[in-house]
Amino acid sequence: MTILSTREQPTQITRHTGPPVRARLDARAGGGGFTGKDFLRVLRKRIWLVLLCLLVFTGLAGVATQLWLVYAPQYTATAYLTVSQPENVLAVGARGMAGSEIDRYKRTLARLAKTDQVLERATNDNPNVKQTRWYRQDQAHILPRLRDAIVVYPIAETDLITVSMTGPDPRELPEIVNAVADEFVRYAGQKEQSSQRANADKLQKQIDQLKAELKGVQGVLVSLRPKEAPQIEQTLKLLSHAVEKQADERFRLEQELRTRQAQKELFEQQRARGDLDNSPVVLEALSKDPMLYSLNNELVVTMSGAEGLRQKFNEGHPVLAQYAIRQAVLQSQILGRETMLRESAFDRKLGELDSEITRFATDLQKIQQGHTESMRRSADLQETLARIQTELHREAQLSDDIRKREEKLLELKLEGDWKPVQLSAPATPPDAPSMPRWSVMIPIGVFLGLVVGVGLALLLEFVDTSIKTPTDVARRVDLPLLGIIPHTDDLEEDIPDLRLAFATNPNSLVGEAFRQVRTSLLFAAPAGQTRSLLVTSPLPGDGRGTVALNLAASIASGGRKVLVVDANFRQSMCRKLFPQCPAEGLSNALVGHTPWGDSIHEIAPNLHLLASGPLPPNPAELLGSDHMRAMLAEMTTRYDQVIFDGPPCLLVSDAPILSTLVDGVLLVVRAGVNTHGVVGRARDSLQRIGAHVLGVVLNGIRVTAGGYLRDNYRTFYEYHEQDQIEAK
């Protein structure tokens, strides 16, 4: 952005080098390419061209059809063939052909009709075909010609196949078509019979092979004795029960064996420690021995007698000595007896444990052998039973396969001389030409007429690069559209001079159009930032003066004080339009001859005019001088709005220089005259030097066929008429 000082007491005005953001977004949104509305507008605009092309091509199609029918009509002969399936196949419900299979079958047969074998036999073996002129025309290439001429296609949802041929002679065509159809029927029948024989031989070989396999399976079943299968199953149940019992017994024996081995190990550890007295076995042996019991009793009696004698005799008495000797002998005997009993009991217990360990180990080994044998026998029986079941299933499957193939073989034999295709309706001489047809040629002519007409309309539209509609401004110029001014030929009011339209006819359509431009300016930028405006255009005759004067009048009608400055020194319009205007003007003020305020002429309330004055020798230098800047600052101080009517910006440099001094620029574009390239160059030239282009005013827009705003204009006049009626 650029900050310019345009007054003696400068205030900073924000200057944009492009259109406002909102306006630019609206312009881009409207310029998204050629839309459906544009297409309809082009059709409405050039509807007569489209209708002319439609009539021309439809007429040409009619003339061509008539000439074709008179001089080179084409006839078509058609034979109908019926495709049939074997009756026995149809009788077997699930094996009948489905719809898709029938269509594929018919397409396959249709391809056979154009094979070399069929076509060669139909031409070379048929004397009627050889006598036709079509055959004699080019015998060397008869097969390629016939292949291209014959058309064979199946009719959908029917059992029919058509064989047809198109040519100029209606009498020869049936002979050729019937020859091909007859030969096709014979060829298809022979091919089917050959296929049936091959299939029968193949089925017979398969049956023989399956029977050999079945015989081998039956031999295996004889050796396996499948009748004993129930007994085998019963034996398996018994073996399973026996295996469970053997497993339980084996577990018990293992537990007993481990218990005896643990007891033996414990006794041996007690012997090693010398701790046999605490063993229950030893204690039991000691308590139950009668000799040890007698010796202990005798020892007790001896000790009791010795104790009674000590009361009578001294310790050294011989009687006491004998008792002492006897007591020692008894104790020695008791100790020896206990030792003998202890060792004897321990050895006996170890012997018992060894005997039990040996017995349990032997029983466990026998149980394990029996369990292993039972498991092996059970596995053998299961394998035998599974093999019996497998062989029985295989026997049943082989028997079923043999039965199915024998049925198919029987079906093939029952079909006999069945033919897949038969001639149901031979070709007859056609009564009327098949080509050309009015129902085809006329729609083609209509279609071509529409295509060419619409194509020419679009071509002319794209070749014409002029700005014609508001959409063109948004799509091709990328500037905001501030308003549209209608062409004088489309107005119902009688306006002598369009430059004074707002002053003479303020309630007219033109006056309303300039009010819309005034409203758009209010939204383009704040009023305080657009005190000075330049109205310019790319080329002469675009209506700059019309827009400047009418826009000033519309602003003045709102109560604002407006000054119109004629800055076009070369083609001034003020003296001709306002003869009472002073001869001095802007040029006199710029060279310092007279103050600019003395040359002001009031043409309406709040609306004043400053003429251009005489043509100076250096207008561009004067407009870019500091004196012009100071004068512009003074003007914007005394007036609410200053509007400069400038020269074309692409022809002279006056307008670009002046655009850098004012707050905003209005670019006037003549609809249908200015091209988007010219307007684009004008826009770029202004924006390149930093001018603030507020937008475009589209002038002279037409409301002809295909034009813009036809309905809007009609509604405007109807609305005002209704308003006048209500006022009366």
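A short tour of the structure in this document, coming up. (Residues numbered from 1 in each chain as written. Predicted model: local features only at pLDDT ≥ 70, side-chain atom pairs only at ≥ 80, totals over all residues. Heavy atoms only, no water.)

### Details of the packing of helix H3 (residues 47–71) against helix H15 (residues 438–463)
Look at H3 against H15: their axes get within 7 Å of each other, and the N-to-C directions meet at 150°. Viewed along their axes, H3 and H15 adopt a mutual orientation that is roughly antiparallel. Viewed along their axes, H3 and H15 form a crossing whose handedness is right-handed. Considering only residue class, the contact of H3 with H15 consists of 19 nonpolar, seven polar and no charged. (Axes fitted to C-alpha atoms, helices over the stretch in contact; angles between N-to-C directions. Helix = DSSP H or I, 4+ residues; strand = E, 2+ residues; numbered from the N terminus. Parallel < 35°, antiparallel > 145°, perpendicular 65-115°, else oblique. Left-handed = near helix turned anticlockwise from the far one by under 90°. Nonpolar A, V, L, I, M, F, W, Y, C, P; charged D, E, K, R; others polar.)

### Re the pairing of strand E8 (residues 532–536)
Of all five residues in E8, five are buried; the element is thus mostly enclosed. Residues Ser532, Leu534 and Thr536 point to one face of E8 and Leu533 and Val535 to the other, with burial holding for every one of them. In terms of strand pairing, E8 meets strand E12 (residues 641–645) through four bridges, oriented parallel. Each bridged residue has a counterpart across the sheet, and for Val535 the counterpart in E12 is Asp645. Where E8 meets strand E13 (residues 664–670), four bridges bridge the pair, whose relative direction is parallel. Its bridge partner lying in E13, Leu534 is registered against Val665. (Buried < 20%, exposed > 50% of the residue type's maximum accessible area, 1.4 Å probe, protein only. Pairing = 2+ DSSP bridges.)

### With respect to the pattern of salt bridges
Taken as a whole and assessed by the stated rule, the structure comprises 20 salt bridges. Two residues, Arg133 and Asp169, come together in a salt bridge whose shortest N-O distance is 2.7 Å. Highlighted residues: Arg133 in helix H8 (residues 133–137) and Asp169 in the loop between strand E5 (160–167) and helix H10 (173–224), separated in sequence by 36 residues. The partly exposed category is assigned to Arg133, whose relative accessible area is 46%. Residue class for Asp169 comes out buried when judged on its relative accessible area of 10%. For Asp354, the salt bridge identified is with Lys264, shortest N-O distance 2.6 Å. With Asp354 in helix H14 (residues 318–415) and Lys264 in helix H11 (residues 229–273), the pair connects residues that are 90 residues apart, well separated along the chain. Take Lys264: its relative accessible area is 24%, and that puts it in the partly exposed class. Three or more residues are tied together by salt bridges with common partners; here these are Arg133, Asp169, Arg171 and Glu172. (Salt bridge = Lys/Arg side-chain N within 4 Å of Asp/Glu carboxyl O.)

### Looking at the nonpolar core
Leu586, Trp596, Met635, Phe644 and Leu667 are the most contacted members of the largest nonpolar core, which has 42 residues in total. Not counting residues within four places of it along the chain, the set of residues in contact with Met635 comprises Leu563, Val565, Trp596, Leu610, Val642 and Phe644. Core analysis: the second largest hydrophobic core is formed by 37 residues, Leu498, Val510, Val564 and Leu694 among them. (Core = buried A, V, L, I, M, F, W, Y, C linked by side-chain atoms within 4.5 Å. Contact = heavy atoms within 4.5 Å.)

### Some thoughts on unusual backbone geometry
For the bond running from Met435 to Pro436, omega is 0°, close enough to zero to count as cis. Along the polypeptide, Pro436 turns up in the loop between strand E6 (421–425) and H15. Even without being a glycine, Glu157 presents a positive backbone phi close to 60°. Examined against the element boundaries, Glu157 turns out to sit in the loop between strand E4 (150–154) and E5. Owing to a relative accessible area of 81%, Glu157 belongs among the exposed residues under this scheme.

### What about the sheet that holds E4?
Read across the open sheet, the four strands follow the order E4-E5-E3-E6; overall the sheet is antiparallel. The sheet terminates laterally at E4 and E6, the two strands that pair on one side only. Neighbouring strand axes in the sheet, compared pairwise and without regard to direction, differ in orientation by 30° on average. Those strands touched by helix H9 (residues 142–149) are E4 and E5, and its axis lies near 40° from that of E4. Of the strands in this sheet, strand E3 (75–83), E4, E5 and E6 touch H10, which is tilted by about 20° from E3.

### A short note on the sheet that holds strand E14 (residues 693–701)
As a general point, the strands of a sheet are linked pairwise by backbone hydrogen bonds and lie either parallel or antiparallel. With mixed pairing, the eight strands of this open sheet are ordered in space as E7-E14-E13-E8-E12-E9-E11-E10. Edge positions in the sheet fall to strand E7 (481–486) and strand E10 (600–604), since each of these pairs with one other strand and no more. Across this sheet, the average inter-strand angle for adjacent strands is 25°, counted without regard to direction. Across six bridges, the pairing between E13 and E14 is parallel. Following the sheet pairing, Val668 is matched in E14 by Val697. Docked against the sheet, helix H18 (residues 509–524) engages E7, E8, E13 and E14, running at close to 175° with respect to E7. Each of E8, E13 and E14 touches helix H25 (residues 676–688); the most contacted strand, E13, lies at about 170° to it.

### As for the packing of helix H6 (residues 116–124) against H10
At a closest axis distance of 9 Å, the pairing of H6 and H10 adopts a crossing angle of 130°. Considering their axes alone, H6 and H10 lie oblique with respect to each other. Relative to H10, the crossing made by H6 is right-handed. Counted together, Gln117, Val118, Leu119, Arg121 and Ala122 of H6 and Ala179, Val180, Glu183, Phe184, Tyr187 and Gln190 of H10 form the full contact between these two elements. Residues of the contact of H6 with H10, tallied by class, amount to seven nonpolar, two polar and two charged.

### Topic: the pairing of E14
Among the nine residues of E14, nine are classified as buried, and the element is accordingly described as predominantly covered. For E7 and E14, the ladder comprises five bridges, and the chain directions are parallel. Bridging from a neighbouring strand, Ile484 pairs with Leu698 of E14.

### Focus on helix H19 (residues 544–556)
Owing to its 3.6 residues per turn, the α-helix brings residues three or four apart onto one side. Counted at 1.5 Å a residue, the expected span for H19 with its 13 residues is 18 Å, and the 18 Å between its end C-alpha atoms agrees. Most of H19 is tucked away, with 13 of its 13 residues classed as buried. (Expected span 1.5 Å × (residues − 1).)

### Some words on a nonpolar patch on the surface
A grouping of Val440, Ile444, Phe447, Leu448 and Val451 is seen on the molecular surface, where their side chains present a nonpolar patch of about 420 Å² in accessible area. When you line up the elements, Ile444 lands in helix H15. (Patch = residues over 30% accessible without salt bridge, like charges linked within 9 Å, V, L, I, M, F, W, Y side chains within 5 Å. Areas by Shrake-Rupley, 256 points an atom, 1.4 Å probe, with all protein chains shown as cover.)

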